[in-house]
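The lines below spell out each chain.
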Amino acid sequence: YLLKAYMAQGDSLCAEGNYRKAINSYEYAIQMDSNNPSLYLSIADAYEKIGSKSKVIEYYEKAMEIAPENSDVLSSYAKSLTKMDKTEDAKLVYEKAMAVSSATADDKYSYYVDIADTYYKNKNYPMALAEYKKALEIKPKDEYLNIKLGNTYKRMSNLSSAIDYYNKAIEINPNNPDSYFNSGLCLAELNNLTAAKEKFSKVIELKSDYAYAYYAL
């Protein structure tokens, strides 16, 4: 009874934003059940909210010791590491998560995208590209991925490849003005002004208040 009470109290305090008191409740719960990985996830999450990175890692590592093949533990730890910009460490943990038999295609897709987004944020575009392409193998008709690949190629100044992926995104969803606009920008940089104007005109057709398209024309 006390174990559940401390767990519930910790969850309630977290919901209220009172993370330090929540940590105390989770610590009492851990004293009663030190082999429950979900408790370590909860306390790690609370420490993450107050910015205590060393404690976050400490409790996730303890959770992994108890449940080394628990996909929830592994994926939660990896996501936390990406937030800390520990991309390579996160990638290793995600690889462990993907090796778990319970990992689904959707799980793997999420892992690749999370790592790719972190690489992209840190301007490591070649590595972001590689991870986005792994995700694309799982979901080739994913609009978001095709746009992200277009953005990544654009950042790498490979405008022709960027246009290819923006056009694939347009095929998937012909009603997204952003894909047309980004494609138009790349075409303009390549001095293909006629094609660029066609894209910008399509943007305005889809979204009449898209100010940047008017400026680009």
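Reading the values: the criteria
Residues numbered from 1 in each chain as written. Predicted model: local features only at pLDDT ≥ 70, side-chain atom pairs only at ≥ 80, totals over all residues. Heavy atoms only, no water. Helix = DSSP H or I, 4+ residues; strand = E, 2+ residues; numbered from the N terminus. Expected span 1.5 Å × (residues − 1). Buried < 20%, exposed > 50% of the residue type's maximum accessible area, 1.4 Å probe, protein only. Arc of directions from axis to C-beta. Contact = heavy atoms within 4.5 Å. Axes fitted to C-alpha atoms, helices over the stretch in contact; angles between N-to-C directions. Parallel < 35°, antiparallel > 145°, perpendicular 65-115°, else oblique. Left-handed = near helix turned anticlockwise from the far one by under 90°. Nonpolar A, V, L, I, M, F, W, Y, C, P; charged D, E, K, R; others polar. Salt bridge = Lys/Arg side-chain N within 4 Å of Asp/Glu carboxyl O.

Visitor: Break down helix α6 (residues 87-99) for me, citing the residues and quoting the values.
Guide: Over its 13 residues, α6 runs 18 Å from end to end, which matches the ideal 18 Å to within 8%, given 1.5 Å per residue. Residues of α6 that are buried: T87, A90, K91, V93, Y94, A97 and M98. Taken down its axis, α6 places every buried residue within 170 degrees of arc, on the same side. In α6, those exposed residues whose orientation departs by more than 90 degrees from the buried face are L92 and A99. Buried positions along α6 lie against α5 (71-83), α7 (105-121) and α8 (125-138).

Visitor: Can you explain the packing of helix α9 (residues 143-155) against helix α10 (residues 159-172)? Please cite residues and give values.
Guide: For any two helices packed against each other, one specifies the crossing angle of their axes together with the interaxial distance. Taken N-terminus to C-terminus, the directions of α9 and α10 make an angle of 165 degrees; their axes are 7 Å apart at the nearest point. The angle between the axes of α9 and α10 places the two elements in the roughly antiparallel class. When you trace α9 past α10, the crossing you get is left-handed. Counted together, E143, N146, I147, L149, G150, N151, Y153 and K154 of α9 and L159, S161, A162, Y165, Y166, K168, A169 and I172 of α10 form the full contact between these two elements. Its residues placed into classes, the contact of α9 with α10 shows nine nonpolar, four polar and three charged.

Visitor: Can you lay out the pattern of salt bridges for me, pointing to particular residues and giving the numbers?
Guide: For the coordinates displayed, the defined rule picks out 11 salt bridges. Close ionic contact of K83 with E48 constitutes a salt bridge, the shortest N to O distance being 3.1 Å. With K83 in helix α5 and E48 in helix α3 (residues 37-49), this pair connects stretches of sequence that are 35 residues apart. For D106, the salt bridge is made with K139, and the minimal N-O distance between the two is 3.3 Å. On the criterion of sequence distance, the pair formed by D106 in helix α7 and K139 in the loop between α8 and α9 is long-range, its members being 33 residues apart. In this structure D106 comes out as partly exposed when scored by relative accessible area, which is 45%. Taken together, the shared-partner salt bridges in this structure form one network comprising K55, E58 and K62.

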